[in-house]
2 protein chains.
Amino acid sequence: MASLTVEPTIASVRGFNVAGVHAGLKADGALDMTLITSEQPCTAAGVFTTNLMKAAPVLLDMERLGTTQVGYRAVAINTKCANACTGERGLANARQMAQQTADVLGCDADQIFVMSTGVIGTHLPMDKIVNGISLAAESLGQDWTAAAHGIMTTDTRPKMASVVVETSRGRYTVAGIAKGAGMIAPNMATMLSVIVTDVGLTPAQANHYLQASAETTFNRIVVDGDMSTNDTLLLLANGASGVTITPELDSQFCDAVHRVSLALAQAIVRDGEGATKFITLHVTGAESDSSARQIGNAIATSPLVKTAFYGGDSNWGRIVAAAGRSGVSFDAESVKLSIAAGETFESALLLFENEMPTSYQETSAAAIMASSAVYVKLQVGAGQGEATLYTCDLSHDYVSINGHYRS
Amino acid sequence: MASLTVEPTIASVRGFNVAGVHAGLKADGALDMTLITSEQPCTAAGVFTTNLMKAAPVLLDMERLGTTQVGYRAVAINTKCANACTGERGLANARQMAQQTADVLGCDADQIFVMSTGVIGTHLPMDKIVNGISLAAESLGQDWTAAAHGIMTTDTRPKMASVVVETSRGRYTVAGIAKGAGMIAPNMATMLSVIVTDVGLTPAQANHYLQASAETTFNRIVVDGDMSTNDTLLLLANGASGVTITPELDSQFCDAVHRVSLALAQAIVRDGEGATKFITLHVTGAESDSSARQIGNAIATSPLVKTAFYGGDSNWGRIVAAAGRSGVSFDAESVKLSIAAGETFESALLLFENEMPTSYQETSAAAIMASSAVYVKLQVGAGQGEATLYTCDLSHDYVSINGHYRS
């Protein structure tokens, strides 16, 4: 099986049409709504925020998926307003957004998913939303870049990924777009993302591939540790390629979905609000994978660790200290910490073992910390549990962006 | 019983002598070591970090308190180096620091507590430490301001508090100093603090009063959610006033310790790294006090909530969203959120109830958010559980301070 290549662009996905439009939500005239449609009804699966204060579109999409998981035709997405903490009126607005999409596409409202992102606690400007859906329906095509732009909030660049796979039974594509630059924590589908494919999937397959993939990609990224009310990840499969996933195609398809998910998830971290560094955090030797993840999460959300990375300061004691307060029990004597420049463990520098600093050169550590990507490996014992997380630093710009987000 | 008045200064505490000196640890010549001594042997109690990676001085002090809890003579404290993640050599250095203090005071090393604060993962410069202890012993007296200065790291001002209590059996004093401006989370004694009193206490009493007080003061403050390897809070009681705490003096003494603790804990938050706002966060209606505290902690550590406060942006949805991801189960329909300017619930503005925003005036919310102190009340149900936490905002200066802490 040849290794799959992920592209940061999307040429086309059979049977899917998209549009990104300006509906008047963003004051600067930028694209602010996106519509993704399928000519054929799709099988779908979703992963949603575990936040108790779920936004209206999340509640609606969960309701949609609670029934058949087949027959879906489109996803309509707006920015600037999260339609969260908006009560009954918010739910009615989400339903109206779906109904309008169904009307312009000529299908039923229960075939439509909706997503919203933006400020919490304000109502959707329904006139603009309704108008935006009509606009989008008129410009459906293969402009995936516009579709990726239409869901951006504080993102500085669109996030797309695609893989084209040649099989003995034909060619298929897995492609996705995502947004999300803050309020990112590894506890659920983090942000908004839609992944589409022209293979045919059963509902059980759709669930399986999406969950397996999210677990090691979208659920492993941390920007700031906050978990949104709106996080939604959807997989839509329309079967337009004629390829279905039989056992012999299983591992390759799994890999394709994983690669697209990982590319999108990492793109979110690379474009984290104010981020200047991409950090791969590999925790090993824990008693279980979930323990390793819990330790990694404590480190990745630590403001002191994140600001040290921002400053390029090899103040690694903060990493060990964050692990120590993670709530996971481990033996302090067995802790080892190494760092390497880049996104792999090559040429790593061992900083700490046997409860004390090694005799490493400060200049070597400083050189690694100065690079735009740092790989951190923390060993906490001899267990088999491990987890890899992706995170970024905490900069002045994060504070600027979030101090005045609504203005 | 007359209400007790807390002073932000300390005149004197009978039988105690202190000094703050420059031992050469801080490059700018500022005071960097503190010695607190008692002429009479003291009863002591302590609360320590629950971080697994405990610093050497924490391990030594815990060992000291594990035996008799009586007979202590002094606390020696250094800044710039935390003596954490330093292994056997670190423990030997902590012991030597205690031994040197015992030598200059003419007592045994096991009568001495030590504390360290500063960078993790470097060894104590023992020549400077030993010299600093000698210097401090030569200048012992009642200069509590110098003592409070000698333990400062990123603190911008010294933290002191004292209460003088008149009783039918004489006058006594409870006084304390504290340091701590970052790495502050409400999960243990947070920071370094020494509280002294000239009343006589049994070990059981010392434990009781210290634990009860820490629970609603030092354990309720959040600057950044990070938990130090070195956090230590000690209570020393030398009995020099001749007053012992009998049942009729119990509640007043409890109040005195609480007020000193609260003043010090709040002073830490007010001087939080880069802090521009003091936030009182009152969570009510939870099923238990611990649930309320867990919700409060999620809010107080949320970077999005903290940056919104910094920006003076009444983006209250982030508060509700943080509560929703706290891991505590509550009914979204019963959530109510109000804010008020200042440190009490007077003239509060209700922002959110019945799952949606109230019809409040944005200008009223903005006026409250613009004040230097904000009181936030979040009701999550009809339960009896509640908790009050004290926190601050997240500013550009926090990032500047922590991006280059070691330099």
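Residues numbered from 1 in each chain as written. Chains lettered and ligands numbered in written order. Predicted model: local features only at pLDDT ≥ 70, side-chain atom pairs only at ≥ 80, totals over all residues. Heavy atoms only, no water.

### What about the environment of N238 of chain A?
Residue and element names in this part refer to chain A. For N238, the location among the structural elements is in the loop between β9 (232-237) and α6 (247-270). Taking relative accessible area as the criterion, N238 reaches 8% and is therefore assigned buried. Sequence-distant contacts of N238, that is, excluding residues within four places in its chain, are made with R14, G15, F16, S38, Q40, P41, C42, T197, D198 and V199. Separated by 3.0 Å, the side chain of N238 and the backbone nitrogen of A240 make a polar contact. (Helix = DSSP H or I, 4+ residues; strand = E, 2+ residues; numbered from the N terminus. Buried < 20%, exposed > 50% of the residue type's maximum accessible area, 1.4 Å probe, protein only. Contact = heavy atoms within 4.5 Å. Polar contact = N/O pair within 3.5 Å; in protein donor to acceptor, adjacent residues only side chain to side chain.)

### A look at the side chain of Q69 of chain A
Residue and element names in this part refer to chain A. By secondary structure assignment, the location of Q69 is in the loop between α1 (56-65) and β3 (70-78). Of the polar contacts made by the side chain of Q69, one reaches the backbone oxygen of A44; its length is 2.7 Å. Side-chain polar atoms of Q69 contact the side chain of N207, separated by 3.0 Å. Contacts of Q69, omitting those with residues within four sequence positions, involve C42, T43, A44, A45, P203 and N207.

### Some thoughts on the confidence of the model for chain A
All names here are of chain A. Summarising the model, chain A shows a mean pLDDT of 88, and 95% of its residues fall at 70 or more. Note that pLDDT drops below 50 for residues 185-190; the model gives that stretch 34 contacts with residues more than four away or on any other chain. Both scores are available for the predicted complex, with the pTM at 0.79 and the ipTM at 0.71. (pLDDT = per-residue confidence, 0-100.)

### Brief notes about the pattern of salt bridges
Inspection of the entire model under this criterion finds 20 salt bridges over all chains. One salt bridge connects D198 of chain A with R14 of chain A, and the closest N-O pair in it is separated by 3.6 Å. In this pair, D198 of chain A sits in the loop between β7 (192-197) and α5 (203-215) while R14 of chain A sits in the segment before β1 (16-21), placing the two residues 184 residues apart along the sequence. With relative accessibility at 1%, the residue D198 of chain A sits in the buried group. With its nearest N and O atoms 3.8 Å apart, the salt bridge here joins E353 of chain B to K336 of chain B. (Salt bridge = Lys/Arg side-chain N within 4 Å of Asp/Glu carboxyl O.)

### What about the sheet that holds strand β13 (residues 356-357) of chain A?
Residues and elements named next belong to chain A. Strand order across the open sheet formed by seven strands is β8-β15-β10-β14-β11-β12-β13, with mixed pairing between neighbours. Strands with a single pairing partner mark the edges of an open sheet, and in this sheet they are β8 (221-222) and β13. Pairing of strand β10 (residues 278-286) with strand β14 (residues 373-379) involves seven bridges; the strand directions are parallel. When the bridges of β14 are listed, V283 appears paired with L378. Docked against the sheet, α6 engages β8, β10 and β15 (385-392), running at close to 50 degrees with respect to β15. Along the sheet, helix α10 (residues 362-369) makes contact with β11 (336-341), β12 (349-353) and β14, crossing β11 at roughly 60 degrees. (Pairing = 2+ DSSP bridges. Axes fitted to C-alpha atoms, helices over the stretch in contact; angles between N-to-C directions.)

### Examining the packing of helix α11 (residues 396-403) of chain A against helix α11 (residues 396-403) of chain B
At a closest axis distance of 8 Å, the pairing of α11 of chain A and α11 of chain B adopts a crossing angle of 165 degrees. As the angle between them shows, α11 of chain A and α11 of chain B are arranged roughly antiparallel. Note that α11 of chain A runs across α11 of chain B; the crossing there is right-handed. On the side of α11 of chain A, the interface is formed by H396, V399 and S400 of chain A, while α11 of chain B contributes H396, V399 and S400 of chain B. When its residues are assigned to classes, the contact of α11 of chain A with α11 of chain B shows two nonpolar, four polar and no charged. (Parallel < 35°, antiparallel > 145°, perpendicular 65-115°, else oblique. Left-handed = near helix turned anticlockwise from the far one by under 90°. Nonpolar A, V, L, I, M, F, W, Y, C, P; charged D, E, K, R; others polar.)

### Remarks on helix α8 (residues 303-311) of chain B
Among the nine residues of α8 of chain B, eight are classified as buried, and the element is accordingly described as predominantly covered. One or two steps after α8 of chain B, the chain reaches G312 of chain B, where phi turns positive at roughly 65 degrees.

### Overview of the relation of the copies chain A and chain B
Rotating chain A by 180 degrees about the axis while translating it 0.0 Å along that axis superimposes it on chain B, leaving an RMSD of 0.0 Å. Taken together, the rotation angle and the small translation identify this as a two-fold axis. Minimal C-alpha separation from the rotation axis in chain A is found for H396 of chain A, amounting to 2.6 Å. Mapped onto chain B, 100% of the interface residues of chain A are again interface residues, and the two copies thus contact each other with one and the same surface. (Least-squares fit on C-alpha atoms with pLDDT ≥ 70 in both.)

### Considering the interface of chain A and chain B
Counting from both sides, the interface comprises 57 residues of chain A and, opposite them, 57 residues of chain B. Applying the counting rule to chain A against chain B returns seven residue pairs in polar contact (both at pLDDT 80 or more). Of all the elements in the fold, those that place two or more residues in the side of chain A that touches chain B are α2 (87-105), α8 (303-311), α9 (317-324), β13 and α11 of chain A. Tallied by class, the residues present in the side of chain A that touches chain B amount to 26 nonpolar, 22 polar and nine charged.

### Quick look at helix α3 (residues 126-138) of chain A
All names here are of chain A. End to end, α3 covers 19 Å across 13 residues, agreeing with the expected 18 Å (1.5 Å per residue, within 8%). Where α3 is concerned, the buried positions are M126, I129, G132, I133 and A136. Buried residues of α3 fall within an arc of 120 degrees about the axis and therefore sit on the same side. Opposite the packed face of α3, turned more than 90 degrees from it, sit the exposed residues D127 and E138. The inward-facing, buried residues of α3 contact β1, β2 (33-48), β3 and α2. (Expected span 1.5 Å × (residues − 1). Arc of directions from axis to C-beta.)

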